[in-house]
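# Understanding the architecture of this molecule
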Amino acid sequence: MTTPTLVRVMGRWTVTALVVNAIIGSGIFGLPSVIARSLGPASPWAWIIGAAGNAVIIVCFAEVASRFTQAGGAYLYARASLGRLAAILVGWLAYLTRIAVLTVVLGSFAVVNYRGARGGAWLSNAFTIGKLVPLAVFVIAGIAFLALHAPAPAA
């Protein structure tokens, strides 16, 4: 009886593509299209307002984190400010949300990988290329536009 060995199908470029794919993902393509569909021409302002709101939350988390020496994140902060019950609810809600999202996402990829590691690597590379090509076209179009419509010199 032979022992199973690992199949090495994910090289350096595929692993790099996984990281790029995760970074670009819905942050560049998914969310902006939903906002544009809902708000039309006002969507850039909604994006700026949303970013400002997130910045406030991030600054608050940073400030609160600077007050604690223990690990615990939102659970620890909720416990200190709102009590044990609220902290338990915050902790479980965060945990269950992460589990649900991870189950759906990883379950989908597990099905692809179960059918073969090459298929999973190919799918990841295809997603990455599918995201990078439109971004490259957008950058090239922007450069071409600026080349054809040079700004007038300041008076």
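Criteria and cut-off values
- Residue numbers restart at each chain and count upward from 1, following the sequence in its written direction.
- Totals for whole chains, interfaces and linings use every residue, but because this is a predicted model, local features are given only for residues with pLDDT of at least 70 and side-chain atom pairs only at 80 or more, for both listing and counting.
- The side-chain values count all of the structure's non-hydrogen atoms but skip hydrogen atoms and water molecules.
- Only runs of H or I of at least four residues qualify as helices and only runs of E of at least two qualify as strands under DSSP, and these elements are numbered from the N terminus.
- It is over C-alpha atoms that the radius of gyration is taken, and the globule rule equals 2.2 Å times the number of residues to the power 0.38.
- Only heavy atoms enter the contact rule, under which two residues are in contact if any of them lie within 4.5 Å.
- Here, patches come from residues exposed beyond 30% relative accessible area and free of salt bridges, joined within 9 Å for like charges and within 5 Å for nonpolar side chains (Val, Leu, Ile, Met, Phe, Trp, Tyr).
- Accessible areas in this description were obtained via Shrake-Rupley with a 1.4 Å probe; residue shielding takes into account the shown protein chains only.
- Note on definitions: salt bridges are taken to be side-chain nitrogens of Lys or Arg within 4 Å of carboxyl oxygens of Asp or Glu.
- When a residue's accessible area, from a 1.4 Å probe over protein chains only, is under 20% of the maximum for its type it is buried; when over 50% it is exposed; and in between it is partly exposed.
- A cavity, in this analysis, means grid points on a 1 Å lattice covering only the protein atoms where a 1.4 Å probe fits yet has no way out; a pocket is instead an open set bounded by protein on both sides within 12 Å along at least five of seven lines, and a residue lines either one if it has an atom within 4 Å of a point.
- Grid points are joined across faces, edges and corners, and a volume is the space filled by probe spheres set on the points.
- Residues are sorted three ways: Asp, Glu, Lys and Arg are charged, Ala, Val, Leu, Ile, Met, Phe, Trp, Tyr, Cys and Pro are nonpolar, and all the rest, Gly among them, are polar.
- pLDDT measures the predictor's confidence residue by residue and takes values from 0 up to 100.
- Only Phe, Tyr and Trp rings are paired, with Trp represented by its six-membered ring, and only when their centres lie within 6.5 Å; those with planes under 30 degrees apart are stacked, over 60 edge-to-face, the remainder tilted.
- To get an axis, fit a line to the C-alpha atoms, keeping to the stretch in contact for a helix; angles then go from 0 to 180 degrees between the N-to-C directions.
- Angles below 35 degrees are treated as roughly parallel, those above 145 as roughly antiparallel, those between 65 and 115 as roughly perpendicular, and all remaining angles as oblique.
- Handedness of a crossing is defined here by the sense of rotation of the near helix relative to the far one, left-handed for an anticlockwise turn of less than a right angle and right-handed for a clockwise turn.

## Structural notes on the overall build of the protein chain
Looking only at helices and strands, one finds six helices and zero strands in the protein chain. Order of helices (α) and strands (β) in the protein chain, N terminus to C terminus: α-α-α-α-α-α. Here the protein chain has a C-alpha radius of gyration of 23 Å; the compact-globule value for 155 residues is 15 Å, and the former is much larger. Seen along its three principal axes, the alpha-carbon backbone of the protein chain occupies a region of about 65 × 60 × 30 Å. The long-range fraction of contacts in the protein chain, counting pairs at least 24 apart against all pairs at least 6 apart in sequence, stands at 45%.

## With respect to a nonpolar patch on the surface
Together, Val101, Leu102, Val104, Val105, Leu106, Phe109 and Phe127 make up a nonpolar patch on the protein surface, roughly 620 Å² of accessible area in all. Ranked by residues supplied to the nonpolar patch, first place goes to helix H5 (residues 84-114) with six residues. For Leu106, the location among the structural elements is in helix H5.

## Regarding the pattern of salt bridges
Scanning all chains against the criterion turns up one salt bridge. Of the charged contacts in the structure, one is a salt bridge between Arg67 and Glu63, with a shortest N-O distance of 2.5 Å. By relative accessible area, Glu63 is classed as partly exposed at 39%.

## Quick notes on the layout of surface pockets
To locate leftover empty space, one rolls a probe as large as a water molecule over the atoms. One number sums up the size of the largest pocket: a volume of about 240 Å³. Considering the residues around the largest pocket, the lining is formed by Met10, Leu18, Asn21, Ala22, Val105, Leu106, Phe109, Asn113, Gly120, Ser124 and Phe127. When residues of the lining of the largest pocket are traced back to their parent elements, those giving at least two are helix H1 (12-28), H5 and helix H6 (117-148). Of all the elements, H5 adds the most residues to the lining of the largest pocket, at four residues. Looking at side-chain class alone, the lining of the largest pocket contains seven nonpolar, four polar and no charged residues.

## Observations concerning the confidence of the model for the protein chain
Summarising the model, the protein chain shows a mean pLDDT of 83, and 95% of its residues fall at 70 or more. Model confidence for the protein chain, summarised as mean pLDDT per element, is weakest for H1 at 73 and strongest for H5 at 89.

## Structural notes on the packing of aromatic side chains
As enumerated under the stated definition, the model contains two aromatic pairs in all. Here the aromatic rings of Phe68 and Tyr77 are separated by 5.5 Å at their centres, their planes lie at 35 degrees, and the arrangement is tilted. Here Trp92 and Tyr95 contribute two aromatic rings whose centre-to-centre distance is 5.6 Å and whose plane-to-plane angle is 85 degrees, an arrangement assigned as edge-to-face. Separated by three residues within a single helix, Trp92 and Tyr95 lie in helix H5, roughly one turn from each other.

## Re the packing of helix H4 (residues 73-82) against H5
At a minimum axis distance of 7 Å, the contact between H4 and H5 shows a crossing angle of 160 degrees. Looking at the two axes, H4 sits roughly antiparallel to H5. When you trace H4 past H5, the crossing you get is right-handed. Listed contacts from H5 to Ala74, Tyr75, Ala78, Arg79 and Leu82 of H4 are Arg84, Ala86, Ala87, Ile88, Val90 and Gly91. For the contact of H4 with H5, the class distribution of residues is eight nonpolar, one polar and two charged.

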